[in-house]
Structures are given as structure tokens and as C-alpha cells.
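Residues per chain are reported as follows:
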Amino acid sequence: MEEVLIDQVTDTFAEDGGEILLFFVNEVLYGIDIRFITEIIGIQPITIVPLVPSYIKGVINIRGKVVPVISARRKFGLPEIDYDEKTCIIVVEVNETPVGIIVDMVRAVQSVMPGDICSSPGAGTVNPSDQYVSTIIESDGEIKLLLDIHKLVLE
Amino acid sequence: MGKFEAGMEGMIDTYVYETTTLMEQLDQILIKSEAKGGFDDDIINEIFRIMHTVKGSSAMMGLENMATLAHSMEDLFFIIREEKPVIRSYERLFGLIFSAADLLSGEIDLLQDDSVPLTDFSAQVQTIKEYEKELRSGIADGTESAEKTVSVPVYFERQDNPSGNGESSVKVYFEDGIEMENLRALLLVNNLADECTIVSHVPEKLENNSDAAEEIVQNGFIINFVPVNGLQSVLKVIESSGSIKTYEILNGGGQSDGKAEKLNADLENLNLNTVPDNDTESAAQIQIPESEQSVQPAQQMRPDNSTPRGQQTASQPASKGKQSLISVNLNKLDQLLDMVGEIVITEAMVISNPDLKGLRLDDFQKAARQLRKLTDELQDIVMSIRMVPISGVFNKMTRIVRDMKVKLGKEVNLEFEGETTEVDKSVIDGLFDPLMHMVRNSMDHGIENTAQERIDAGKPPVGTVTLSAYSTSGEVIIAVSDDGGGINCEKVLAKAAANGLLTKPESDYTDKEIFGLLMLPGFSTNEEVTEFSGRGVGMDVVKKNIEKIGGSVSIESKAGVGTDFIVKIPLSLAIVDGIEVSVGESIFTIPMGSIKESIKIKGNQLVKDTSGREMVMLRGACYPLMRLYEIYGLEPKYSDPYDGMVMVVEAEGHSACILVDELIGEQQVVVKPFSAMLNRYDVKRNGMAGCTILGDGSITIILDVSNIILDK
């Protein structure tokens, strides 16, 4: 079921294009399909949940809902940096569960045309986040790595 | 909603609820009759009536298949009742009825799913018809009329009933625009069949006759009947039937007609009794007791109640005196509970508002105390509304035991203890599957395969599976126990080793750990995969389902004596009294129920046992000391136990001390479960029961003391 869903998402990108939210983690430009995104909020006080993998930073309160947040940096195996006014939490909904993802900075929403899609990440790339990247997009002379949100959150 | 007659969507909830209740009653009746090895007249009538009601309401909903099946069952019982055939094999008869009942129940479950088409029951109907023929052939010849009687509805057959009062007639009007008046009239006639002998009614033909509906709307529905127990009891049945706007007595027979002025008053009652709620959101409904005394819902059949009269109160609630039960949509209760939760949080926000710090506000404090008392009461009431006795789930198990007894060929008694124990409705819903798995497990793996094995072991030849429930201060404990052979640890270990589930040398496993292996995914000791268990999903699923409703499962077993599956579920899922404590930057809430006291230790209270474990001496007793910051890997403010606070806690009979930094305060908190994402990392096992949002919007984690002190 899950796989079907993922396939569908990438397929529609290949055929119809779509919109992605662009953001930076460690100065690399990433994208998430906006259909998964419910909101983007500034950094919030995070309550630590002990004894979980270190990339789970804890839980935050979004209007009475307790939402776990994960650090994209930690997930990609990068060192943490201090949070500043640019740090954002992208709240996505995966399998009906809301999850926050902490990123360095959000840039913009961008339309993706089928022609912009280069390929899936192949050999030779050395980025630690590669295992979570489903598609590489090239437009306006920039490389954007489209993340597989299911892999990012669930694995 | 393609399955239903147009305009019937609003009735789905009621239909599903009523029919499910009826089918459950049928199950109970059948199991009891089977135990007795036959039917008596009361029971035959009861079954007949259940099938009749199911037939009528299914036809009204346009569910042709269910109506037909129910109809053939009805016919069968008609024959049994009227012609008293010699039943050679009750086993076969019961098998037939059980399977038909299962088909009906199964179909109800599928109703809401439009993607599944209506099931074709014609094969089953055919089997029943054939059986009928066989029964008939067993009866002495000369039953020419029998062919006819089957198709003629039963209510015309009763004319020879003794009648003390003369013939009466009543004209009934249904509520405006309710539709299906002809079928409603038919249902009414059926309902009346017990209280009177129907002589005739106008219009005469009701089934499949939409002209009749027109006529009823225009002229009302006239019933001529001879009451059995007096006119009043007939009128009561009419009043208690839903969707009737008004009725008038055309001819009171032998009785006085002076009841007309009472009518309006009665009808006002009637309006209160009908449930105006047509929500289609959820089919789940529960019965709400009006007062503490009537907590046992009327439709609940007690196991010791041998006459199946519960039926009467369920389908015609108002027929006996004043109505004290109403059905409410579960969603509304959930909303109510959420709302109360929000009130509790808001109350804390107001009363411990930082703006009030340092002010002397005597009157405010007084009013705040009053508010607190009221919200406490409100909470208790809301919680008690949602509580239902566990007997409903237990009773369903009798059916499972019955089926397995037949299939496995084992003699097993099912016993109940404490079935009146009450648990939250949401818990009840989540309990059925796990309990079923555990009961199956006990039947299949627990109880010895043959009676001889049991006799050799010095046990009675008939095995016993006991379902028990009782509540302690904060938990409900439910146990499925069998008196079978117990768990064979060596076999379990060998199997676990074969499946690669072991993480340390076999000799290192304690009994408790071995039992834990049983609940790992992909574990099953049964060599052969049977219909009931052995797919290696059973106990794993049990554990998951129980954890989903916030509980835990453990296994206790003694070789040769038996096995207990013990399920612990928090009594109240929603709101707990707690003490907030800090550890470094983090704040935790410890449920009040598990705290014995909080102390500051001094002098030589801190000692070490021979293995170097830290203990706290308190009034002559020693308690192990656990540093919460160590367990959770946090940076504490105080690492010296003499500086911090020591919480003396207790769970399941074990006490321990937990070292924290400081006490912050006491608060009622609303438990919010962890999201599925966090649950994957066994947060429960690590002693975190859930989290809660405090008045200032910050989140704290609620500790589950038993998992902290028992696991370490």
C-alpha cells in the first residue's frame, strides 16, 4: 500500500509535474511534495522524549495536538546547529499522523514540470541524505533533491 | 449507499444497532439451549420473534437477502412451534441455526461498506428449506395445511387464543413524511402479536404494497384485535413503537373508553422515548444508565438468567414502566469527554495563572475551590456515562468457546468472574479481538488434547477456561486463565531459537522472559497451523491491540497447572491526577495513584546493598533508588540524592524510590497518547504512558511507574 502511494506520487510528477516546497538543510536545496505539508511554523519549545533515536527531537504542542518533531540534520547524519529565526518546522502528515521536520531555512514553493526531473540518485553522489531522495530536479540552473517523505519519516 | 432503500440512510445506525443486539441475544439463547440439548416453547417463541423482527426491519431497509434468510429461519421455527416435529439430530439443527445467525451478523458488519455487494444467501436458504422438508417428512401424514401455513404470516393463526376482552380497534397515524408506512404498520402488527390476537387490519395487504402506504397516510392504519392481557398492554406496545404520531381507540371492546384524555400525555412520553438522532457517523451506540442504580444495561443478559427475556426490554424498551435508558451516538460522548478535558486544562490555566502570583485573593481561592469541585464531579459523571460492564465482551466468548469445542473435540467449560466490572466503552471495543485470540489460544494450546491426559494429570476431565475481571485503584485487570498443561519453557526456547528470536544464550532466559518470547512477532509453537491459531500472529496481535488501548499483557504459567494471560488496562484513559516533577530541563508528570510519598532524604538514609545497588532506608524498610536522569539520560540539576527529591512510588505491589530534582506542583492532566511514530520506539516499555499539555501550553511526559520500576 505504502509503496503504491509513493509510486503514485513520483509518477504524477513525471507526468503532470506538481508543486514542491523548497528548503535548505546544510546549504543543500531539498524539496517536499506540498500535498503532504499541512503548515510551516517557526521553531517552538520542544519537550524532550527520552530513549528514542537522536533524530527525534521530542514533541511540540500545535493547537492542543502533541506532534513529534524530527531533525532533518540529524536524520541526514549532519551536526546540529543552533536554531535561529530562520529555523523552521515543516509539519507534514504521513499516514494520517502529523510529524514536524526541523530544517535550516524554507525558501519557496516551486512548480515542477515533468521536464525538470533528471533522474533518481545514481552512483557517484556522496550526499548522506541520498537514501531519502526519490527524485532529482534541475531547474533554473539549480539542483533540488526531492525527498521521499515516507522514507524520511517512517524509516 | 447503494445497498439501502432510498431515504433509509438515516435509519442505518438504528437498524445496525438493533439488529446487532438481536443477533447477540440469539447467540446467547442458542448457546444456552444447546447446553440444555433442546428448545422449550418460550425459547422457540423468542427465536421466532427475533427472526421475525430481523426480517421485517431488513425488508424495510431494502436488504432483500437478509430478509429472505431471516424469513426461512422464521419458517423453520414456525414448523417447530406449530407442528412439533420430532427432531432427530439437534446437533444438525443447531449447526444450521448457528451458521445462519453468523451469516446475518457477518452481513451487518459489511453493510456500511459499499464496495462489498450484498451476499447471496440462497444456498443457505435452500439448505434450511431442505431441512424443513426432512422435518416435515418425520411428522405423521395429514399435514396438508402445512404447505399453506408457512407462507401465511403467523399473526393470523392465533384466533383460537383465549380472549377475556371483546374485539377492539385502534387507528394509528404515523409521523408525517416518515415513508414506508406499510412496512412500519407490518412491524407494528408483528410487535402486537404477543399482546393480542389480530383479527384484521386495514389496509389488509401490507408487504410489497406501496398503495397501502398511501392509504395509511390518508386514512390511518386500523387494527382490529382481541387483547390477550387487556387493552392497556396493547396500547403500551403501540406507544413504545417508534415513529407513531398519534393513535385513537375506535372501539375499546369490553374495556372502558375513558382513556382518550390520557392519550396526549402518553404521547408526550412517547416522544421522549424515541431517539431523534439520525447521525450516520457511527453505528456504535451505548446504553446510558439514567442513574447509578441502573448501571446494568437492560439488554445485558446475565449468565444466571436462564429465561431469555432480556429481549423484551431491548426491543421494546418502554413496554415495562418508565423508560430509563436511551441510546446515544458514541461520537457525542467522545466530544463531551474532549470538552471536559479542555475545561480541566482551562481551569488550570485560570487558577494557576502567572498574573495572579503573589496576590492575596481569598475570595478567588474560595471560588476556585468550588470550581474545582464541580469540574471533578463533571468528570466523574462523564466517565461513568462511558462505562459499560465487561460482560458484553465476555458473553461473546461463549460463542467462540462453543465453536471451538465442536471443532477441536475438547470438553471445556467457560467460566466468568467479575463480569459486572465496568470499563470505558472505547476499551470494550478494543478488547474483543485480543480476548478472542487469548481464549482461542487457551482452548487450542492450553487445554490438554484429550480427557485422558487430564485424568492422568489428576485433573477433572473437562477443562476450564476462566475469564475474570476486577478493578484496582487505577487499573482494570482482565485475565484469561486455563487449567491446562501450562507453557513448556523448553519447547518455547527451542522454537524461538529455530526462528532466530533469541538474543542471548538459552540458559540466561528467565521464565518471565521466555513467556515474553511468545508475544514476539512470528512466534508460534503449534506445529500445525489450525483454523484458530498457529499462524504466528496471535499473541503478537494481542499485545499490539492491548497496547493500542493503553494496556499491557503478561503471561503467567505453571507446568501442569495452567496458564494465565493477564491484561492490565488503565481505568480512565483520559484524565489523571498527577504531580509534576522536574529533572534538569524536563518536566514529568507522575500519576498520583502510584505515589506513596515524597521525601527529602538525610543523614544515613542512603545505603548500598551487597551488589552495590543504592537503597533508601525509610522507617525500617529498604527501597531501591532509581535516578530518573540516569534512566533517561538527562542532565540533572542535582545528581546527589541528598539534594534532590525522592518520590516513593508503588506499582503492582512493588515499591521503589525515584530521584528527581524538584517538585513543581499538583495538577489534573488530560492524557494524550503518543503518536504512532513514537510508539514504534517502545516508549511505553520505557515508562512513558503518554503526554499532556499543561495550562501554559507546554508538554510534559506522563510516567508509567510500573514499567520504570519493574523493568529495571
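Here the structure is a predicted model, which means the values were calculated and not measured.

Student: Before we go on, may I ask you to explain the overall build of chain B in this structure?
Tutor: When its secondary structure is counted, chain B shows 22 helices and 24 strands. Considering chain B as a whole, with its 712 residues, one finds that 49% of them fall into the buried category. Taking the contacts inside chain B whose residues are at least 6 apart along the sequence as the reference set, 72% of them involve residues at least 24 apart. Total accessible area computed for chain B in this model is approximately 33700 Å², and 50% of it derives from carbon and sulfur atoms.

Student: Looking at this structure, I do not really get a nonpolar patch on the surface. What am I missing?
Tutor: Residue and element names in this part refer to chain B. Taken together, Met-339, Ile-343 and Leu-378 make up a surface patch of nonpolar side chains, about 250 Å² in accessible area. Within the fold, Ile-343 resides in helix α12 (residues 330–351). For Ile-343, a relative accessible area of 35% gives the class partly exposed.

Student: For this particular structure, what's the right way to read the pairing of strand β19 (residues 621–627) of chain B?
Tutor: It is a general feature of regular strands that their side chains alternate between the two faces of the sheet. All names here are of chain B. Burial analysis of β19 places five of its seven residues in the buried class, the great majority of the element. Relative to β19, strand β18 (residues 614–618) runs antiparallel, the two sharing four bridges. What sits directly across from Met-617, in β19, is Cys-622. Here β18 hands over to β19 after two residues, with Arg-619 in that stretch at a positive phi of 45°. Taken together, the three bridges between β19 and strand β21 (residues 654–660) define a ladder with parallel strand orientation. Looking at the pairing, Leu-625 lines up with Cys-657 of β21.

Student: Teacher, can you tell me more about the interface of chain B and chain A here?
Tutor: Often, the extent of an interface is quoted as the loss of accessible area upon association of its parts. Counting residues at the interface gives 21 residues for chain B, matched by 21 residues for chain A. With both sides pooled, the region where chain B packs onto chain A buries about 1800 Å², and carbon together with sulfur makes up 73% of that total. Three residues, Met-677, Tyr-681 and Ile-699 of chain B, lead the burial of chain B against chain A; their summed loss comes to 34% of the area buried on that side. There are zero salt bridges connecting chain B and chain A. Where chain B meets chain A, there are four residue pairs in polar contact (both at pLDDT 80 or more). Residue assignment for the side of chain B that touches chain A shows that the elements contributing at least two residues are β15 (586–591), α20 (628–632), α21 (676–679), β23 (688–693) and β24 (699–703) of chain B.

Student: In this structure, what is going on with helix α1 (residues 12–36) of chain B? I would like to understand it.
Tutor: Within an α-helix, residues lying three or four positions from one another point in the same direction, as the helix has 3.6 residues per turn. In this model, α1 of chain B (25 residues) spans 36 Å end to end at C-alpha, consistent with the 36 Å of a helix rising 1.5 Å per residue. Looking one or two places after α1 of chain B, you find Gly-37 of chain B, whose phi comes out positive at around 80°.

Student: Honestly, the side chain of Asn-441 of chain B in this entry has me stumped. Any pointers?
Tutor: Mapped onto the fold, Asn-441 of chain B is located in helix α15 (residues 425–446). Excluding residues that lie within four positions of it along the chain, Asn-441 of chain B makes contacts with Gly-446, Met-539 and Phe-565 of chain B.

Student: Just checking my understanding: could you explain the packing of aromatic side chains for this structure?
Tutor: A ring pair, where both rings are aromatic, is described by two values, the distance of the centres and the angle of the planes. By the definition in use, this model includes seven aromatic pairs over all chains. On the numbers, 6.3 Å between centres and 40° between planes, the contact of Phe-48 of chain B with Phe-78 of chain B is tilted. With Phe-48 of chain B in helix α2 (residues 41–61) and Phe-78 of chain B in helix α3 (residues 64–83), this pair connects stretches of sequence that are 30 residues apart. Per residue, the accessibility class of Phe-48 of chain B equals that of Phe-78 of chain B, and both read buried. Pairwise contacts between aromatic rings join Phe-23, Tyr-30, Phe-76 and Tyr-132 of chain A into one cluster. Here the basic side chain of Lys-75 of chain A rests over the ring of Tyr-55 of chain A, its NZ or CZ set 3.8 Å away from the ring centre. In this structure, Lys-396 of chain B is placed above the aromatic ring of Phe-432 of chain B, and the distance from its NZ or CZ to the ring centre is 5.2 Å.

Student: Explanation requested: the environment of Ser-468 of chain B in the structure shown.
Tutor: All names here are of chain B. One can find Ser-468 in strand β10 (residues 463–471). Each C-alpha atom, one on Ser-468 and one on Ile-478, is 5.6 Å from the other, the two residues being 10 residues apart in sequence. In this structure, Ser-468 is in contact with Phe-394, Glu-417, Ile-477, Ile-478 and Ala-479, ignoring residues within four places of it in sequence.

Student: Would you mind going over the sheet that holds strand β11 (residues 475–482) of chain B with me for this structure?
Tutor: What links the strands of a sheet is backbone hydrogen bonding, and the strands pair in either a parallel or an antiparallel sense. Residue and element names in this part refer to chain B. In spatial order, the strands read β8-β10-β11-β13-β12; together these five strands make up an open sheet with mixed pairing. Each having just a single partner strand, β8 (412–417) and β12 (552–558) make up the two edges of the open sheet. On average, each strand axis in the sheet is inclined to that of its neighbour by 15°, with strand direction left out of account. Here eight bridges tie β11 to strand β13 (residues 562–570), and the two strands are oriented antiparallel to one another. Across the sheet, the residue bridging to Ala-479 is Ile-566, located in β13. Contacting β8, β10, β11 and β13, α15 runs over the sheet at an angle of about 20° to β11.

Student: What is the right way to read the pattern of salt bridges from this model?
Tutor: Applying the stated rule across the entire model yields 30 salt bridges over all chains. With its nearest N and O atoms 2.9 Å apart, the salt bridge here joins Arg-107 of chain A to Glu-142 of chain A. Of this pair, Arg-107 of chain A sits in strand β8 (residues 105–112) while Glu-142 of chain A sits in strand β11 (residues 142–147); the two residues are 35 residues apart in sequence, bridging distant segments of the chain. When the shortest N-O distance is used, the salt bridge between Glu-448 of chain B and Lys-459 of chain B registers 2.8 Å. Placement of the pair is Glu-448 of chain B in the loop between α15 and α16 (451–456) and Lys-459 of chain B in the loop between α16 and β10, with a sequence separation of 11 residues. For the pair Glu-448 of chain B and Lys-459 of chain B, one class covers both residues: buried. Through salt bridges with shared partners, one network takes in Asp-27, Glu-34, Asp-102, Arg-399, Arg-402 and Asp-403 of chain B.

What counts as what
- Along every chain, residues carry numbers that run from 1 in the direction the sequence is written.
- A letter from A marks each chain and a number from 1 marks each ligand, given out in the order of writing.
- Whole-chain, interface and lining totals are the exception, using all residues; otherwise, since this is a predicted model, local features are given only for residues with pLDDT of at least 70 and side-chain atom pairs are given and counted only at 80 or more.
- The side-chain numbers reported here are obtained from all heavy atoms of the structure, hydrogens and water having been left aside.
- We count a stretch as a helix when DSSP gives it H or I for four or more residues in a row; a strand needs E for two or more, and each element gets its number in order from the N terminus.
- With a 1.4 Å probe rolled over the protein chains alone, any residue whose accessible area is under 20% of its type maximum counts as buried; one over 50% counts as exposed, and the rest are partly exposed.
- Residue contacts follow a heavy-atom distance rule, with two residues in contact if any of their heavy atoms lie within 4.5 Å.
- In short, Shrake-Rupley with a 1.4 Å probe defines the accessible areas, and a residue's cover is counted only from the protein chains shown.
- Note that patches include only residues with greater than 30% relative accessible area and no salt bridge, and the join distances are 9 Å for like charges and 5 Å for nonpolar side chains (Val, Leu, Ile, Met, Phe, Trp, Tyr).
- Salt bridges, as used here, are contacts in which a Lys or Arg side-chain nitrogen is within 4 Å of a carboxyl oxygen on Asp or Glu.
- Think of it this way: DSSP has to see at least two bridges between two strands before they count as a pair.
- A simple way to read buried area is as the amount of 1.4 Å-probe accessible surface that goes missing from two parts once joined, with both sides added.
- Under the rule applied, a polar contact is a pair of N or O atoms within 3.5 Å (in protein, one hydrogen donor and one hydrogen acceptor; residues adjacent in sequence only if both atoms are side-chain atoms).
- By definition here, a helix of n residues has an expected span of 1.5 Å times n minus one.
- Only rings of Phe, Tyr and Trp enter the pairing, Trp through its six-membered ring, and a pair is recorded when the two centres are within 6.5 Å. The plane angle decides the type: under 30 degrees is stacked, over 60 is edge-to-face, the rest tilted.
- Charges are assigned to positions over rings by a cutoff of 6 Å between ring centre and Lys NZ or Arg CZ, combined with an angular limit of 35 degrees from the ring normal.
- Here the axes come from fitting lines to C-alpha atoms, over the contacting stretch only for helices, and the angles between their N-to-C directions go from 0 to 180 degrees.

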